[in-house]
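Listed below, chain by chain, are the residues.
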Amino acid sequence: MRMLEPRLQQAPNDPHLNTLAGLAMAVEGKYELSLHHLERGNGTDLYPTAGLARQAEGLRESGRGLEAAALHSERLFQPELSDNATVIALLAMLEDYRRAGALNQAWDTAYRALVIHPSEPRIYAFMAELSLDDGDVDDAEAQLFLARRYRATTPPYRIYLVEARLALAMQQPLIALEWLEKAKQQRIVMPQAAAMSAMALLQLDRPEEALLVLNRPNMAQREDPILLAALTRTYLALGDDPAAQRTWALLQALAPGSPLFPEHVPGLSADPQSPK
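The shown structure was predicted, so the numbers you read here are calculated from the model rather than taken from an experiment.

Let us look at a negative patch on the surface. On the surface, a cluster of negative charge is contributed by Asp-134, Asp-136, Asp-138 and Glu-141. Within the secondary structure, Asp-134 sits in the loop between α8 (121–133) and α9 (137–150).

This is the structure we're talking about:
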């Protein structure tokens with residue numbers, strides 16, 4: 001991004017430069033800045049292939065999941081879209097609806113994806129997430145069984161994350177940490193993994209370690225709601241109420257009304273409240 005800044009100062013409305021800047025900001029978790037640039041980049045050749053998806057991600061992380069789903073829906077009408085690309089777009093829509101709390105639309109989207117790829121493990125992993133959102137651990141385990149059955153066809157990191165979330169729901173933090181360690185070996189930056197690691201450490205009454213996880217350089221400056229929610233809970237566990245209040249206020253400012261995951265699981269607060 002630093003290399004782009006001088007060029008953007010000279011041509012602040014250049015669509016291509018704005019698309020590049022928006023992509024860079026999204027990778028760094030600066031979603032509001034990312035949206036600012038990507039909205040100026042619409043119309044470039046790069047926008048339909050990468051910019052649109054990142055703009056939708058920014059909307060999702062800013063508490064605007066339904067707008068994100070509408071953008072991902074546009075991807076389904078792009079010409080010559082492969083079956084795999086269609087499934088990826090549908091899975092992105094599914095996550096958008098989850099973040100907006102629109103679980104019925106999320107389930108409908110999952111079933112649409114299954115029509116195209118009935119043996120795609122990522123779909124079943126997402127369906128397990130939806131079951132956990134509903135508090136149905138038994139159904140989540142059934143969906144994960146199918147995900148494991150087919151997982152040889154795709155990288156398993158998403159399954160690892162859901163396995164970890166299921167372990168959290170069952171108050172098994174050590175098992176959750178084992179699954180998250182496997183996910184980390186995929187070398188993918190996943191805010192959800194960091195948040196769940198923190199939640200597992202909180203279940204183990206190790207809030208200082210949870211804070212270290214959330215303050216790692218590749219996580220500390222991100223604006224992901226799930227990280228801010230975990231950070232709020234960590235500050236509360238440490239007895240630092242002023243820091244918890246500041247973090248909660250930042251979360252509400254960046255993504256008002258977003259359901260907070262992985263907190264919506266049995267064994268954790270199903271309805272996180274603002275720090276008093």
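Notably, Gln-171 is not glycine yet its phi reads approximately 60 degrees, a positive angle. Among the secondary structure elements, Gln-171 is positioned in the loop between α10 (157–169) and α11 (173–184). Residue classification places Gln-171 among the partly exposed residues on the basis of a relative accessible area of 43%. Unlike most non-glycine residues, Asp-205 shows phi in positive territory, near 60 degrees. Within the secondary structure, Asp-205 is located in the loop between α12 (191–203) and α13 (207–214).

Mean pLDDT for the protein: 84, with 87% of residues reaching 70 or above. Scored below 50 in pLDDT, residues 265–274 makes 25 contacts in the model with residues more than four places away or belonging to other chains.

Turning to the pattern of salt bridges, a few remarks are in order. Opposite charge on two side chains permits pairing when their charged atoms draw close. Summed over the entire model, instances satisfying the criterion amount to 16 salt bridges. Of the charged contacts, one joins Arg-99 and Glu-95 as a salt bridge, the two residues approaching to 3.2 Å between their closest N and O atoms. Remark: Glu-95 and Arg-99 occur in helix α6 (residues 83–100); sequence separation between them is four residues, near one turn of the helix. Relative accessible area serves as the criterion here: at 8%, Glu-95 is assigned to the buried category. Taken together, the shared-partner salt bridges connect Glu-61, Glu-95, Arg-98, Arg-99, Glu-129, Asp-133, Arg-158 and Arg-165 into one network.

Rules of the game
Residues numbered from 1 in each chain as written. Predicted model: local features only at pLDDT ≥ 70, side-chain atom pairs only at ≥ 80, totals over all residues. Heavy atoms only, no water. Patch = residues over 30% accessible without salt bridge, like charges linked within 9 Å, V, L, I, M, F, W, Y side chains within 5 Å. Areas by Shrake-Rupley, 256 points an atom, 1.4 Å probe, with all protein chains shown as cover. Salt bridge = Lys/Arg side-chain N within 4 Å of Asp/Glu carboxyl O. Lys, Arg positive; Asp, Glu negative; His and termini not counted. Charge placed at Lys NZ, Arg CZ, Asp CG, Glu CD. Helix = DSSP H or I, 4+ residues; strand = E, 2+ residues; numbered from the N terminus. Buried < 20%, exposed > 50% of the residue type's maximum accessible area, 1.4 Å probe, protein only. pLDDT = per-residue confidence, 0-100. Contact = heavy atoms within 4.5 Å.

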